[in-house]
Amino acid sequence: MWSPGTFLLLLFPTALAFKPSDFKTCSQSGFCRRGRALAERSQELSSWHSPYSIEPPELSPHQPGFTTNVHSSVYPNIKFVLDVIIHEEGIVRVRMDEENGLRKRYNEATQWALIGEPLLSDDVLWTVDSKQAKAVYGPKKDMELVVDFNPLKITLFRGGVEQVVLNGRGLLHMEHFRTKEDSKLAEHIEGEGQSVLQVNSAAWFEGDTQDAFWDETFSTWTDTKPKGPESLSLDITFPNHAHVYGIPQHATNLSLPSTIGPTARYTDPFRLYNADVFEYLADSPTSLYGSIPLMHAHSATSTVAVFNAIASETWIDIAHVEKGGVETHWISESGILDVFLLPGPTPTDVFTQYAHLTGTAPLPAHWSLGYHQCRWNYVSSDDVRGVQDRFDEDDFPVDVFWLDIEYAEDHKYFMWNKKTFPDPVEMTKDVEAVERKMVIIVDPHLKRSNDYPVYKRASELGVLVKPKNGEGEYEGWCWPGSSSWIDFFHPGSWDFWISLFKTDTIDGQWSWTESTNNVGIWNDMNEPSVFNGPEITMPKDNIHYGGWEHRDVHNINGMLFANHTFQAAEARTDPPRRPFVLTRAFYAGSQRFGAMWTGDNLGTWEHMAVGIKMVLANGVGGMPFAGSDVGGFFGNPEPEMLVRWYVVGAFSPFFRAHAHIDTKRREPYLLEEPYKSLVRDILRLRYSMLPVWYTAFRETSESGVPILRPQYVMFPEDDAGFGIDDQFYVGSSGLLVKPVTEKGVKEVSVYIAEDQVYYDYFTNQPHRPKNRQITLPANLDQIPLLIRGGSIIPTRERPRRSSPLMKHDPFTLRVALDTSGNARGEVYLDDGETYGYGKGDVVWRGFGAESTNRKGKGIGAVRISSVDLAVRTQVGAYDPKNEFARSVGDVRVEKLVVLGLGKKPLSVVLEGGSELEWEFESKDGAGVLVIKDPAVRVVDDWAVVVKLE
């Protein structure tokens, strides 16, 4: 056990820099070494082939799939079983497990990741011959799944073109369970010169040494590996797709670079192993806080994806090959093979298919899309009140104030340090009095102290993670010192956790009565972070509910903490209200339970830039509610950098400024001019665009398509855009932004993939791309922000202190006509707090601009209209005069700004009404029409006709 002095060293700032020695490389990980060595042997042997084959399945032509036995020529006495199933939407599931083995492989990852068992396809036609089974399916009958028997290979085709190949390179290897005695016997037989052929047969495939089979040492820690070797290797090839994306979380390009081969950017594979990484590198395949084993592959003709539902540590090698494809090699420490092939064929199709498996991000509480102010730490109740007062005095909008770990007495979460926070409920209500919220941190480590009721009750219930012997409670070190961790795989922990968040005492059990029902929750350190553990996390041989080792479930662990926190916060009220939970660790399916951020970034230009790429990657990974900390967690950014970073934050789904305890205070009101006013304008811009952000969240909550959309998603046939990751579109709004992430920039070049007009958001100036580029000024007081022609942008322009105060504010519509004189857009509204939208308490309007031509002389008139989209899509039990619609019935459209008119109108008339007040300005051939107060309500159908002839 560490001494208190040693523990304090952990908190010393110099100890927080990234230390490569704290984390394994592939060469220091036994199963990764074995996996890479397997791949190397396959390259060295020209006769290499997979030792796995399957028995020809017995199946009728219209079955959705089959189950059959798998044989290994290396270990003919070991039995495996393979399932191949075709589901709705053409999703293919491939499962393989050891049958009747000495032990059981972990097979519960999908229990946590999926929202339910996917439905089987009823549109499949199988044919079987002596060499392969072939399924044809899909609406166009252009999908084909081919399963080769010997060696085993599975190939997905579309239109006769290979999309995904499993085990095409023969790297599939499921290490079977064995005993140490078996291993010793094999060594003895080889030593006696007997059965040499059999032993060599295993050696050509597995290697001739037992590399870290039964224990493994890293630094001062030894992993006992009581189950022996059980890793899983699989090669997945995309023969006709040159770009792959996803597998967050890594600080790297959106289009993932090679880790092997002549074009390798890194020497190590990408690693998926949730880890607490201080001051992580801005360009690295190192594992970070979350792991989503989902990879998209894209070409100009199709998009496909692979979801490898495995929860253990995983390394992924990527090689971009000369023929234009990508070869990947996935090496996991434990678990069954459970792979889903998502057939696309478009990026949108893939997002939807994945969402139908793992769910979508729910509609968040509206206030959570505003600006969040945080630091480690606001030190007292008076400090919080003082910060709020300064925001108001200096006229900065803000929705949320955050408290980090120092609010808690001895880091006993839920329990206030009464010396510094003597009146926590009153403090919180002071914040809530002006429609703002508090978010308070609750970490997963519990101080091992019997005067801490949370730990005491968890211990009595027996729901704490156990050490490797399966007895007692695992003890590690974190912020409180000696700590234990709740095992959220244990069903007995679930109701207990929910009970803690109740603001009223129930049945005499301790709960967080010194809180309110509006408080949001911040789940940090949930990888889990263990200061004195191997790689700053929990030992892999710890035991969870069901007897599973921590190695089996590591990447899911943090998701369950946030999952149950979300449910606990939701259950505080009846009926429930939408909770806000921020998590650092995540896995596939975490999107269902809240937001994430990119962790402990640095205040550098490089970290600002890579934060954009990481948020884009998280969107590809199905987790769109994401952001990076404005200003960087570590360091003291110069004012120029801070202003630029606020722009990045304002165009991120999750927008929070945060800072380390040793940094200088950097709340925006502390800036000198002109930086102070620049940041105020950026915050006001974010708030004016909240209708855009909330409407984008509605769309992603239905479709799974990310909120921030990179070029390849918007223009999937444009090769030149596939690698672009420094500009992006916001939902379907038509807004295109390229944040500045370098010092001293005066102008930027924005890539445009189409022959379309784009308008400067601030000046209304139209731009037509030259050589697919638009050059924009980008001085510190300028944001490179464009409106795509054909878009209608709804905003609320009146500055308010917080977003709930905008509920009854009027709308401005920017109508950006395309080259044909047309445009469309939409706005979605609900109460932003409850689940009333599920029963139709919404306002969802579609806006359109349609031009008519006169005598072939251009646009004769433009009709701008509003229609009820909720009626057309039948949201819930929808009534246009629903309770929410009535509550905002007085909200009007106060201004229409029409961009792209070639000449001054003759008249502007409200259809069925009178002439409206308007102004028209034309500069350099660019016409801007401003229609003042058209006297229309946002809840109504209406039309305004602009006559040009």
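Everything below is about the structure shown above.
None of these values were measured; they are calculated from a predicted model.

A. How the structure looks around the overall build of the chain. The helix and strand inventory of the chain stands at 18 helices and 49 strands. Taken over the C-alpha trace, the chain has a radius of gyration of 29 Å; the compact-globule value for 949 residues is 30 Å, and the two agree within 12%. Seen through its C-alpha atoms, the chain measures out along the principal axes to roughly 100 × 70 × 55 Å. Classification of the 949 residues of the chain by burial places 63% in the buried group.

B. Structural detail: helix 13 (residues 639-650). Taking 1.5 Å as the rise per residue, helix 13 with twelve residues should run 16 Å; its terminal C-alpha atoms sit 16 Å apart, in good agreement. Along helix 13, eleven of the twelve residues are buried, which leaves the element largely enclosed by surrounding structure. All buried positions along helix 13 are accounted for by Glu 640, Met 641, Leu 642, Val 643, Arg 644, Trp 645, Tyr 646, Val 647, Val 648, Gly 649 and Ala 650. The inward-facing, buried residues of helix 13 abut strand 21 (372-373), helix 12 (605-620), strand 31 (656-657), helix 14 (675-688) and helix 15 (690-703).

C. Layout of the packing of aromatic side chains. Per the counting criterion, the structure on display carries 54 aromatic pairs. Each ring, one from Trp 48 and one from Trp 204, has its centre 5.0 Å from the other, and the planes form 75 degrees; the classification is edge-to-face. One end of the pair, Trp 48, is in the loop between helix 2 (30-44) and strand 1 (52-54); the other, Trp 204, is in helix 5 (residues 196-206), and 156 residues separate them in sequence. Assessed through its relative accessible area of 13%, Trp 48 is described here as buried. Given a relative accessible area of 23%, Trp 204 falls into the partly exposed group. Among the aromatic residues, those joined into a cluster by ring pairs are Trp 367, Trp 402, Trp 522, Phe 580, Trp 597, Phe 625, Phe 654 and Phe 697. Across from the ring centre of Trp 402, 4.6 Å away, lies the NZ or CZ of Arg 656, which sits over that ring. Of note, Arg 656 hangs over the ring of Trp 522, and the distance from its end group to the ring centre comes to 4.6 Å.

D. Fine view of the layout of surface pockets. Here the second largest pocket defines a volume of roughly 390 Å³. Forming the walls of the second largest pocket are 20 residues, and the residues nearest its centre are His 366, Pro 804, Lys 807, Asp 830 and Asp 831. For the lining of the second largest pocket, the secondary structure elements donating two or more residues are helix 15 and strand 42 (823-829). It is helix 15 that contributes the most residues to the lining of the second largest pocket, three residues altogether. Taken together, the residues that form the lining of the second largest pocket break down as eleven nonpolar, three polar and six charged.

E. Representation of the nonpolar core in the model. Ranked by size, the top nonpolar core spans 213 residues in total, and within it Tyr 407 and Phe 651 carry the most contacts. Among the elements that take part in this core, helix 12 stands out by supplying nine residues, more than any other. Excluding its chain neighbours within four sequence positions, the residues that come into contact with Phe 651 are Leu 685, Arg 686, Met 689, Trp 693, Leu 708, Phe 728, Val 730, Val 737, Ile 783 and Leu 785.

F. Expanded view of unusual backbone geometry. A cis geometry characterises the amide bond from Trp 376 onward to Asn 377, with omega recorded as 15 degrees. For Asn 377, the location among the structural elements is in the loop between strand 21 and helix 7 (381-393). The backbone phi angle of Asn 764 is positive, close to 70 degrees, even though this residue is not glycine. According to the relative accessible area criterion, Asn 764 is buried, its value standing at 18%.

G. Up close: helix 11 (residues 550-570). Between its first and last C-alpha atoms helix 11 spans 28 Å; for 21 residues at 1.5 Å apiece the expected length is 30 Å, and the two agree. Largest kink in helix 11: about 50 degrees, centred on Ile 556. Most of helix 11 sits out of view: 19 of its 21 residues are buried.

H. Expanded view of the sheet that holds strand 36 (residues 758-760). The strand order across the open sheet formed by six strands is 32-33-34-39-36-37, and the pairing between neighbours is antiparallel. Of all the strands in the sheet, the pair left with one neighbour each is strand 32 (708-709) and strand 37 (766-767). Across three bridges, strand 33 (residues 728-730) lies against strand 34 (residues 735-737) in antiparallel orientation. Across the sheet, Phe 728 pairs through a bridge with Val 737, a residue of strand 34.

I. Structural context of the state of the cysteines. In the structure shown here, the tally under the stated rule is one disulfide. Here Cys 26 engages in a disulfide with Cys 32; their sulfurs sit 2.1 Å apart. For the disulfide bridge between Cys 26 and Cys 32, the dihedral angle about the S-S bond is near -100 degrees, and by the sign convention the bridge is left-handed. Of the residues examined, Cys 26 reaches a relative accessible area of 2% and is grouped as buried.

J. Layout of the environment of Ala 297. As for its position among the elements, Ala 297 is in strand 16 (residues 294-298). Looking at Ala 297, the relative accessible area reads 0%, which means it is buried. In this structure the C-alpha to C-alpha distance between Ala 297 and Gln 163, which are 134 residues apart in sequence, comes to 8.8 Å.

K. Quick look at the environment of Asp 223. Among the structural elements, Asp 223 can be located in strand 12 (residues 221-223). Taking the C-alpha atoms as reference points, Asp 223 and Thr 565, separated by 342 residues in sequence, lie 31 Å from one another. Not counting the four nearest positions on each side in its chain, Asp 223 is found in contact with Trp 214, Asp 215, Glu 216, Glu 333, Lys 540, Asp 541 and Arg 551. A polar contact of 3.3 Å, which involves the side chain of Asp 223, links it to the backbone nitrogen of Lys 225.

L. Examining the pairing of strand 38 (residues 773-777) more closely. The alternating pattern of strand 38 places Ile 774 and Leu 776 on a buried face and Gln 773, Thr 775 and Pro 777 on a face that is not buried. Relative to strand 38, strand 35 (residues 747-751) is paired through five bridges, and the arrangement is antiparallel. Within the sheet, the bridge partner assigned to Glu 747 lies in strand 38 and is Pro 777.

M. Representation of the pattern of salt bridges within the structure. Under the definition given, this model contains 66 salt bridges. The residue Asp 629 makes a salt bridge to Arg 656 at a minimum N-O spacing of 3.0 Å. One end of the pair, Asp 629, is in the loop between strand 30 (626-627) and helix 13; the other, Arg 656, is in strand 31, with 27 residues separating them in the sequence. One exposure class covers both Asp 629 and Arg 656, and it is buried. Close ionic contact of Arg 800 with Asp 809 constitutes a salt bridge, the shortest N to O distance being 2.7 Å. The class for Arg 800 is partly exposed, based on a relative accessible area of 35%.

N. Local environment of the packing of helix 7 against helix 8 (residues 424-432). Relative orientation of the contacting elements helix 7 and helix 8 amounts to 10 degrees, with a least axis distance of 10 Å. Relative to helix 8, the element helix 7 is oriented roughly parallel. Only Glu 426, Met 427, Asp 430 and Val 431 of helix 8 make contact with helix 7, whose side of the interface consists of Ser 381, Val 384, Arg 385 and Gln 388.

O. Summary view of the packing of helix 13 against helix 14. Between helix 13 and helix 14, whose axes approach to 9 Å, the crossing angle comes to 5 degrees. Accordingly, the angle class assigned to the pair helix 13 and helix 14 is roughly parallel. Between helix 13 and helix 14, the residues in contact are Pro 639, Glu 640, Val 643, Tyr 646, Val 647, Gly 649 and Ala 650 and Tyr 675, Leu 678, Val 679, Ile 682, Leu 683 and Arg 686, respectively. Partitioned by chemical class, the residues of the contact of helix 13 with helix 14 number ten nonpolar, one polar and two charged.

P. The arrangement of the sheet that holds strand 31 in detail. On the basis of which strands lie adjacent, the open sheet formed by eight strands has the order 30-29-28-27-23-22-21-31 and parallel pairing. The open sheet has two edge strands, strand 30 and strand 31, and neither has a second partner. Bridge count for strand 21 against strand 31 is two bridges, and the pairing is parallel. Its bridge partner being in strand 31, His 372 is matched across the sheet by Arg 656. Along the sheet, helix 8 makes contact with strand 22 (400-403) and strand 23 (437-441), crossing strand 23 at roughly 135 degrees. Docked against the sheet, helix 11 engages strand 27 (520-523) and strand 28 (581-583), running at close to 175 degrees with respect to strand 28.

Q. Structural detail: the side chain of Ser 733. Mapped onto the elements of the fold, Ser 733 is located in the loop between strand 33 and strand 34. From its side chain, Ser 733 meets the backbone oxygen of Val 730 in a polar contact 2.6 Å long.

R. Representation of the environment of Glu 911 within the structure. Relative to the helices and strands, Glu 911 resides in the loop between strand 46 (907-910) and strand 47 (917-923). Residue class for Glu 911 comes out partly exposed when judged on its relative accessible area of 42%. Sequence separation between Glu 911 and Ser 865 is 46 residues, and the spatial gap between their C-alpha atoms is 9.4 Å. Non-local contacts of Glu 911, meaning those with residues more than four positions away in its chain, are made with Arg 863, Ala 943 and Val 945.

Calculation notes
- Residues numbered from 1 in each chain as written.
- Predicted model: local features only at pLDDT ≥ 70, side-chain atom pairs only at ≥ 80, totals over all residues.
- Heavy atoms only, no water.
- Helix = DSSP H or I, 4+ residues; strand = E, 2+ residues; numbered from the N terminus.
- Rg over C-alpha atoms; globule rule 2.2 N^0.38 Å.
- Buried < 20%, exposed > 50% of the residue type's maximum accessible area, 1.4 Å probe, protein only.
- Expected span 1.5 Å × (residues − 1).
- Contact = heavy atoms within 4.5 Å.
- Phe/Tyr/Trp six-rings, centres within 6.5 Å; stacked < 30°, edge-to-face > 60°.
- Lys NZ or Arg CZ within 6 Å of the ring centre and 35° of its normal.
- 1 Å grid on protein atoms, 1.4 Å probe; cavity = no way out; pocket = protein on both sides within 12 Å on 5 of 7 lines; lining within 4 Å.
- Points joined across faces, edges and corners; volume = space filled by probe spheres on them.
- Nonpolar A, V, L, I, M, F, W, Y, C, P; charged D, E, K, R; others polar.
- Core = buried A, V, L, I, M, F, W, Y, C linked by side-chain atoms within 4.5 Å.
- Bend = angle between axes of the 7 residues up to and from the residue.
- Pairing = 2+ DSSP bridges.
- Disulfide = S-S within 2.5 Å.
- Polar contact = N/O pair within 3.5 Å; in protein donor to acceptor, adjacent residues only side chain to side chain.
- Salt bridge = Lys/Arg side-chain N within 4 Å of Asp/Glu carboxyl O.
- Axes fitted to C-alpha atoms, helices over the stretch in contact; angles between N-to-C directions.
- Parallel < 35°, antiparallel > 145°, perpendicular 65-115°, else oblique.

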